[in-house]
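Summary of structural features
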Amino acid sequence: MDAVRVALLREVLAGTEWIQATRRFAGSLRTAVAPHGGGLLLVGGAGYEPWHLAAHLDDEAAWSGLPELSPTLVRHRVPAGAPAHLAVGPGRLAAAGRGETLLVVAPEQPGAELLERVHDARRNGATVLALDGGDRDLHALAHDALTASAPPPDGDPGGTPGTGSGPGPDPEDVASQGLDLDAVQHLVSAAAGENSLPAPRGRRRFRDRLARLADELTAPPPPRW
């Protein structure tokens, strides 16, 4: 999902709780990493590696001039011959402590081993953030967490967000389904790279907003992932 599709998704989700929720979580992420100039560790569950979030955060770090957003991807299994930035194993979590932030992305139950490592990291002073499917044990360890499912209804018939699986967001899907973890990660990474709050919605056409966004992203960094 590129920047234009993120903008389209935000347009579809306007008026729901997802925009505020993902920007709030992104604010927690920036608040955690900014004072220490980095120290962001990104880890998934045993069967899930958050490749896309790692790549998008790396891009946002370069585009926004916020190098502290660039993560270290921690992998449960490191294949032989992996490049250095993709060869960080779970032992890195044992060394996590004060001044570091552990972002856990787990669409399913994270498992006892990962929870134990997260517990140790928090006990050693690391900040723990979680993007997940609502695991109670993980939420109990996290300083902040965001669950990839529809927020409680607020009485607004268009307020229950979601996303389609096709080339772009489908408004009907958004109105009837929960927002999946992939879409949540894209919204969070995009919000983390924003240098200021978005301007108030005015009379500018949506096409104009997209054009401005495209102009800001004309010089992507070299691919790292």
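Thresholds applied
Residues numbered from 1 in each chain as written. Predicted model: local features only at pLDDT ≥ 70, side-chain atom pairs only at ≥ 80, totals over all residues. Heavy atoms only, no water. Helix = DSSP H or I, 4+ residues; strand = E, 2+ residues; numbered from the N terminus. Contact = heavy atoms within 4.5 Å. Pairing = 2+ DSSP bridges. Axes fitted to C-alpha atoms, helices over the stretch in contact; angles between N-to-C directions. Salt bridge = Lys/Arg side-chain N within 4 Å of Asp/Glu carboxyl O. Buried < 20%, exposed > 50% of the residue type's maximum accessible area, 1.4 Å probe, protein only. Polar contact = N/O pair within 3.5 Å; in protein donor to acceptor, adjacent residues only side chain to side chain. Right-handed = clockwise from strand over helix to strand, strands pointing away.

Of note, Thr101 is situated in strand S3 (residues 101-106). Not counting chain neighbours up to four residues away, the residues in contact with Thr101 comprise Ala32, Val33, Gly39, Leu40, Leu41, Thr127 and Leu129.

Strand order in this open sheet of 5 strands is S2-S1-S3-S4-S5, and the pairing throughout is parallel. This sheet does not close on itself; its edge strands, each paired only once, are strand S2 (72-74) and strand S5 (144-147). Mean inter-strand twist for the sheet, computed between neighbouring axes without regard to direction, equals 20°. Alignment of strand S1 (residues 40-44) against S2, held across 3 bridges, turns out to be parallel. Across the sheet, the residue bridging to Leu41 is Thr72, located in S2. Packed onto the sheet, helix H2 (residues 18-33) meets S1, S3, strand S4 (127-132) and S5 and runs at close to 150° relative to S5.

Bringing the pattern of salt bridges into the picture now. On inspection of all chains with the given rule, the structure shows 7 salt bridges. By sharing partners, the salt bridges in this structure join Arg10, Arg23 and Glu194 into a single network.

Within the secondary structure layout, Thr16 lies in the loop between helix H1 (3-13) and H2. Exposure remark for Thr16: the relative accessible area of 10% places this residue in the buried category. Within polar-contact distance, the side chain of Thr16 engages the backbone oxygen of Leu13 at 2.7 Å. At 3.3 Å, the side chain of Thr16 and the backbone nitrogen of Trp18 are in polar contact.

This paragraph deals with the pairing of S5. Residues Asp144 and Leu146 line the buried face of S5, whereas the alternating positions Ala145 and Thr147 sit on a face that is not buried. Where S4 and S5 come together, 4 bridges link them in parallel fashion. Following the sheet pairing, Leu129 is matched in S5 by Asp144. Remark: the S4/helix H6 (residues 136-141)/S5 crossover connection has right-handed handedness.

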